[in-house]
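Each chain is listed here by its residues.
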Amino acid sequence: MKKQTIRRILAAVTALGTVAAAMPAATVNAELVEDAKVVYETDFEDGDTSHFAPRGEDDTSVLKVEEDADAGSKVMTITERSEGWNGPAMQLDDICEPGVKYMVSVKAKAKWYNSIKVSLQYTADGSDQPSYGNLKAIQSQGEWVSFEDVKFSIPAGVHDVFVYVEGDDKADLAIDDFSLKTAPVYGIEEDIPGLKNVYADYFKIGTAVTEGELAPKSTQQLILKHFNSLTPGNELKPENMLDQKACQAEAADGDNTQVVVSLKSNARSILNFARDNHIPVRGHTLVWHSQTPGWFFKEDYTLEGDWVDEDTMRKRMENYIKGVMEVIAEEYPDVEFYAWDVVNEAWTDGGAPRDGGTYDEDRESSGWVKVYGDNSFIKDAFTFARKYAPKGCKLYYNDFNEYIQGKTEAVIKMATELKEEGLIDGIGLQSHLNVMNYGSEEPFPMAVHYGSALDKYCQTGLDIQITELDATLAQDMPVTDALLELQAKYYSDIMDAIVRNKDSISAVVFWGTTDDQSWRAWGSPLLFDEQYVAKPCFHSIIDGIEYTEPEPTEPKPTEPKPTDPKPTDLAPSETDPLPGTMYGDVDESGKVDILDVITLNKSLMVGEKLTAQGKINANVDCKGDNPDETDALNILKFVVEIISDFAEVQ
Ligand code: GLA
């Protein structure tokens, strides 16, 4: 193990940076593994509408191709729509695959003022409830608007996948110049330090990820290289875990307090990845006003029912927490849940409980407060979490704006009381920050104020985690090198405050992987851009930190196992290990590195040919005649030192 400071590595990076300053920062070092490819495109001039159908089963709308005077060409129109969400939809089940990033472009126009949206819908296998969401919305006054390269990916285990155009109301729509392409694939930068290695002596470095975000292989590689903590972004929240029909069946059987929960395929995708790569997980989140359906607080589990009383709700809370812990322990005994956010966002900035009400009607109000009358539900939540959480799992209260004085005081007072009763282990500071506050060039919060609040939390003696860190640039401003530098400085100041408190902090988790995937994508708030290039803020937060660089991976040809027949005992075939076999060395460069992963992926994805020896070297698990995706993953694991010898996978 060799000790070194990042500054020395940075000498090289800075030299590169000088070159980069003249070009758009987003293209530095980005390695194009595969260019965009057209899946389907049409300008409707041939009159063909067969790839589209009106969305919605009982829809009356009519699709046809017509001349459009504004466009000066043929376009596809959809008229007599009965709802805003009826629109031209293209089914993707047979033409798109999970794990690939796609881009849709389309021109659209509504007959009158409308917010036109390009949206995506799919249904998880085993469910009859479609999930849908807007990919992008553009306001139109009745003129043509252009959606360009709107990105999306499809999770595994879903069916009835549609991309569609919709509006606010049933105004006639027209679309033109539709294209569906695979997005260009970029590889990650291999020649930069792994963040988790830089901070290994201080705290875990985590990321949150949603199922769709995790799909592209490069994102998985980015996570393996930089992060050693994973937070499912949405998949373990009550709205995903609760099963309304099963709860209603329990109520119909006479038990109004039984709660049925299950892991859906979206949670499984993330937990499988955590399990297979041994990444510890932060559970997020058990008791929250938001993303918790209103029916959970109502009689017979129907939104129309009366509010239940506090006793019933307490039992439901206990059953919910118990159910979540049990289902995870049963299905994922090997995943280490090292932390759970037990309660999220219970205090206002002024330090008061929220107003009572359902999230379905008002996103800020709390069903918990409505039933309990105040924030006393928090203690119940920690009591049950303590009772049912796995051994060693730490329990946190998590919130945003915790540096605003009223909230700082309320959270510290609450946490101190819970600590005295042995119910809480730590406080999570979400830390959704702004490099430039709305309409001003000042950050919010100022790094110095963030730091002084952080000092106070650390003085409670509780463990502190930064749970959702991101820092936005201003909306509607082009991302320039100067702004990226400003962001780098701000991140660096925030990280200084965190490092100063490192003895009280056990994890720093970023809320997302690459800018384009962020919930605040408009503000480019993360460390990596859309092409997986580390931004100046990545380099600024590692600058000057002493860390231990893991030994470079020596290529290790795998020794034949004692039980393996000697090569001479076998009839030669194309895949027999030749004397020169070096497992993992796909490109035959004499070493095993990320280029081997890329070479194998290229061959798997676009059929680029490997040499005969490269093919043998690539088949690291020696299963079947040909290397496959598991081999690519195993080579990556070797490169990032999750495995040290391919014998482990043979
Ligand atoms: C809050 C929640 C997170 C997430 C973000 C927005 O911070 O704690 O779970 O929903 O908002 O993505």
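The written sequence of each chain sets the order in which its residues are numbered from 1. Totals for whole chains, interfaces and linings use every residue, but because this is a predicted model, local features are given only for residues with pLDDT of at least 70 and side-chain atom pairs only at 80 or more, for both listing and counting. Hydrogen atoms and water are omitted, and side-chain values are computed over all heavy atoms in the structure.

A run of H or I in DSSP counts as a helix once it spans at least four residues, and a run of E counts as a strand once it spans at least two, with each numbered from the N terminus. The helix and strand inventory of the protein chain stands at 17 helices and 24 strands. Its C-alpha atoms give the protein chain a radius of gyration of 27 Å, within 12% of the compact-globule value 26 Å for 650 residues. Taken over the C-alpha atoms alone, the protein chain extends approximately 75 × 70 × 55 Å along its principal axes. Buried residues are those whose accessible area, probed at 1.4 Å on protein chains only, stays under 20% of the maximum for their type, while exposed residues exceed 50% and partly exposed ones sit between those limits. Put simply, the protein chain has 650 residues, and 52% of those count as buried. The contact rule is simple, with two residues in contact once any of their heavy atoms fall within 4.5 Å. Taking as baseline every contact in the protein chain between residues at least 6 positions apart, the subset at least 24 positions apart corresponds to 76%. Only the protein chains shown count as cover for residues, and all accessible areas are computed by the Shrake-Rupley method using a 1.4 Å probe. Of the roughly 28,000 Å² of accessible surface on the protein chain, 50% is carried by carbon and sulfur atoms. The globule rule is 2.2 Å times the number of residues to the power 0.38, and the radius of gyration it is compared with is taken over C-alpha atoms.

A cis amide bond links H284 with the next residue in sequence, T285, at an omega value of 5°. As for its position among the elements, T285 is in strand β17 (residues 281-288). Positive phi outside glycine occurs at E80, with the angle close to 55°. Along the chain, the position of E80 falls in the loop between β6 (73-79) and β7 (88-91). Here E80 falls in the exposed class, since its relative accessible area comes to 53%. Here D149, not a glycine, exhibits a phi torsion of approximately 45°, which is positive. Relative to the helices and strands, D149 resides in strand β11 (residues 145-153).

Throughout this description, the term salt bridge denotes a Lys or Arg side-chain nitrogen within 4 Å of a carboxyl oxygen of Asp or Glu. Tallying each qualifying case throughout the model produces 29 salt bridges. The salt bridge partner of D172 is K111, with a shortest N-O separation of 4.0 Å. A residue pair is termed long-range when its members are at least 10 positions apart, and D172 in the loop between β12 (158-166) and β13 (173-182) and K111 in the loop between β8 (101-110) and β9 (114-124) qualify at 61 residues. With a relative accessible area of 56%, K111 lands in the exposed category. Linking E421 and K379 is a salt bridge whose minimum nitrogen-to-oxygen distance equals 3.1 Å. With E421 in the loop between α11 (405-420) and β20 (426-429) and K379 in helix α10 (residues 377-388), this residue pair connects regions lying 42 residues apart in the sequence. Take E421: its relative accessible area is 45%, and that puts it in the partly exposed class.

For two strands to pair, DSSP has to find at least two bridges joining them. As paired elements, strand β4 (residues 53-54) and β7 share two bridges and run antiparallel to each other. Directly across from A53, in β7, lies its bridge partner A89. With three bridges connecting them, β7 and β12 associate as antiparallel partners. Within β12, the residue paired with M90 across the bridge is V163.

Here the focus is a negative patch on the surface. Together, E41, D43, E45, D46 and E67 line one region of the surface with negative charge. With respect to the element layout, D43 can be found in the loop between β3 (37-42) and β4. A patch consists of residues exposed above 30% relative accessible area that lack any salt bridge, with like charges linked at up to 9 Å and nonpolar side chains (Val, Leu, Ile, Met, Phe, Trp, Tyr) linked at up to 5 Å. For the purpose of counting charges, residues Lys and Arg are taken to be positive, whereas Asp and Glu are taken to be negative. His and the chain ends are not included. Charge coordinates come from a single atom per side chain, which is NZ of Lys, CZ of Arg, CG of Asp or CD of Glu.

This part covers the site of the ligand. With respect to spatial proximity, the complete set of residues near the ligand consists of K237, H284, W288, Q291, N344, E345, Q430, H432, E468, W511 and W519. Within the side chain of K237, a nitrogen or oxygen atom sits 2.7 Å from an oxygen atom of the ligand. Pairs of N or O atoms are called polar contacts if they sit within 3.5 Å, as long as, within protein, a hydrogen donor faces a hydrogen acceptor (for residues adjacent in sequence, only side-chain-to-side-chain pairs). Contact distances for the ligand include 3.0 Å between an oxygen atom and a side-chain N or O atom of N344. Notes on the ligand: free accessible area 300 Å², of which the protein chains cover 87%. The rule for a residue being near a molecule or strand is that one of its heavy atoms must lie within 4 Å of it.

Another aspect to go through is the sheet that holds β12. The five strands are arranged β4-β7-β12-β9-β10 in an open sheet whose pairing can be described as antiparallel. Single-partner strands in this sheet number two, and they are β4 and β10 (130-140). Two strands pair when backbone bridges link them, and β9 and β12 are joined in this way by seven bridges, in the antiparallel orientation. Note on β12: the bridge partner recorded for T123 is H159.

Attention now moves to the environment of Y547. Residue position: Y547 is located in strand β24 (residues 546-549). When its relative accessible area of 1% is taken as the criterion, Y547 is described as buried. The spatial distance from the C-alpha of Y547 to the C-alpha of P193 is 9.8 Å, given a sequence separation of 354 residues.

On the surface, L604, M605 and V606 cluster together to form a nonpolar patch covering roughly 210 Å² of accessible area. Turning to its location among the elements, V606 is positioned in helix α15 (residues 594-606).

Moving on: the environment of A410. Within the secondary structure, A410 sits in helix α11. We classify A410 as buried; its relative accessible area is 11%. When the C-alpha positions of A410 and A352 are compared, they lie 7.5 Å apart, and in sequence the two are 58 residues distant. In this structure A410 touches W347 and G351, once residues within four positions along its chain are discounted.

What follows concerns the confidence of the model for the protein chain. Across the protein chain, the average pLDDT comes to 88, with 91% of residues at 70 or higher. pLDDT is a per-residue confidence score from the predictor, ranging from 0 to 100. Low pLDDT, under 50, characterises residues 1-28; the stretch is placed with 49 contacts to residues that sit more than four places away or in other chains. For the stretch residues 554-578, pLDDT sits under 50, and the model shows 25 contacts to residues farther than four places along the chain or on other chains.

Another aspect to go through is the packing of aromatic side chains. Side-chain rings of Phe, Tyr and Trp, where Trp is taken by its six-membered ring, are said to pair if the distance between their centres is within 6.5 Å; with planes under 30 degrees apart they count as stacked, over 60 as edge-to-face, and otherwise as tilted. Going through the model one piece at a time under the given rule, you end up with 22 aromatic pairs. Residues Y202 and F203 carry aromatic rings whose centres are separated by 5.9 Å and whose planes lie at 75° to one another, so their mutual orientation is edge-to-face. Take Y202: its relative accessible area is 22%, and that puts it in the partly exposed class. Ring centres of Y372 and F377 lie 6.0 Å apart, and the angle between their planes is 65°; on these two criteria the pair is classed as edge-to-face. Exposure remark for F377: the relative accessible area of 3% places this residue in the buried category. Pairwise contacts between aromatic rings join W295, F296, F297, Y301, W307, Y320, W368, Y372 and F377 into one cluster. Lysine and arginine charges are scored as sitting over a ring when NZ or CZ, respectively, is within 6 Å of the ring centre and within 35 degrees of the ring normal. We note R55 situated over the ring of Y164; from NZ or CZ to the ring centre the distance is 3.9 Å. Looking at R282, its charged tip hangs above the ring of Y396, at a distance of 5.3 Å from the centre.

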